[in-house]
Amino acid sequence: MAAGERVLLLGQSGSGKSTLLAMLCGTVPVQSGQVHVAGQDLAQMSGAARDRLRAEQIGVIFQQFNLLPFGSVLDNILLPLSFAPARRAKVKDPRGTAAALCEALGLPVAILSKQAAKLSVGQQQRVAVARALIGAPQVIVADEPTSALDADTQAAFLDLLFDQVAQTKAGLLMVSHDARLADRFDRVVHLSDIAVSTQEAL
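Residues numbered from 1 in each chain as written. Predicted model: local features only at pLDDT ≥ 70, side-chain atom pairs only at ≥ 80, totals over all residues. Heavy atoms only, no water.

(A) The sheet that holds strand β4 (residues 58-61), seen in detail. Taken in spatial order, the five strands line up as β4-β5-β6-β1-β7 in an open sheet, and their pairing is parallel. In this open sheet, the two strands that pair with only one neighbour each are β4 and β7 (187-190). Within this sheet the neighbouring strands show an average axis-to-axis angle of 20 degrees, counted without direction. Helix α1 (residues 17-25) contacts β1 (6-10), β4, β5 (139-143) and β6 (171-176) of the sheet and is inclined by roughly 155 degrees relative to β6. (Pairing = 2+ DSSP bridges. Helix = DSSP H or I, 4+ residues; strand = E, 2+ residues; numbered from the N terminus. Axes fitted to C-alpha atoms, helices over the stretch in contact; angles between N-to-C directions. Contact = heavy atoms within 4.5 Å.)

(B) Spotlight on helix α2 (residues 47-57). Those residues of α2 lying buried are A49, R50, L53, A55 and E56. Buried residues along α2 sit in contact with β2 (35-37), β3 (40-41), β4 and α4 (85-89). (Buried < 20%, exposed > 50% of the residue type's maximum accessible area, 1.4 Å probe, protein only.)

(C) Focus on the nonpolar core. Ranked by size, the top nonpolar core spans 40 residues in total, and within it I61, V73, I77, L112 and I140 carry the most contacts. Those elements that provide at least two residues to this core are β1, α3 (73-78), α5 (94-104), α6 (121-133), β5, α7 (151-168) and β6. Looking at which element gives the most residues to this core, the answer is α6, with six residues. In this structure, L9, C25, M45 and V175 belong to the second largest nonpolar core, which totals 20 residues. (Core = buried A, V, L, I, M, F, W, Y, C linked by side-chain atoms within 4.5 Å.)

(D) View of the pattern of salt bridges. Using the criterion set out here, one finds five salt bridges in the structure. In this structure, E5 engages R187 in a salt bridge whose closest nitrogen and oxygen atoms are separated by 3.0 Å. Of this pair, E5 sits in the segment before β1 while R187 sits in strand β7, and the two are 182 residues apart along the sequence. A residue is classified by how much of its surface remains accessible, and E5, at 16% relative accessible area, is buried. The salt bridge involving D51 is made with R54; its shortest N-O contact spans 2.7 Å. Of this pair, D51 and R54 both sit in helix α2, separated by three residues, roughly a single helical turn. Given a relative accessible area of 39%, D51 falls into the partly exposed group. R54 gets classed as partly exposed once you look at its relative accessible area, which sits at 21%. (Salt bridge = Lys/Arg side-chain N within 4 Å of Asp/Glu carboxyl O.)

Structure, rendered in structure tokens:
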């Protein structure tokens with residue numbers, strides 16, 4: 001995956017999309033073959049090394065958002081910086097950076113002090129995006145982030161996500177079962193076309 005490239009991984013429910021994402025993020029060990037992320041082969045790395053790589057180089061937007069429900073929006077956005085010194089070093093003003101991300105994603109700055117559990121689903125989604133983007137990781141991985149959205153909201157959300165990713169020149173890998181999204185991406189990979197022996201690189 002080139003810097004700034006937008007890749008869509010298409011596959012039906014139960015086809016293994018989440019398992020593949022877990023392998024790419026280093027949470028599931030690679031049993032055979034090679035998986036390259038940010039120039040490193042995950043199959044040759046220890047569990048601790050994969051954890052460090054994921055924290056520093058991969059921003060993840062989970063399908064269920066996985067926000068800390070009783071934490072503030074600010075706490076949630078800044079959470080990755082607690083585990084990633086290199087990302088933290090890029091953020092000179094954590095609160096200011098979080099506020100700027102919120103504004104760019106259409107959220108009021110006042111929301112930073114609000115408890116995550118009290119947000120609407122749309123607000124939670126955007127906070128999850130801000131959390132993935134902070135500290136400018138090389139790769140953003142999004143697991144079905146538009147699955148619960150209607151067509152208009154889906155298009156608006158993708159516009160926001162693409163704009164933010166473009167600003168940091170991060171590669172974007174988004175998983176979906178919706179083939180209608182294909183035209184909006186630079187490259188489309190069908191899970192059914194990936195053989196076990198295929199070497200895929202991010």
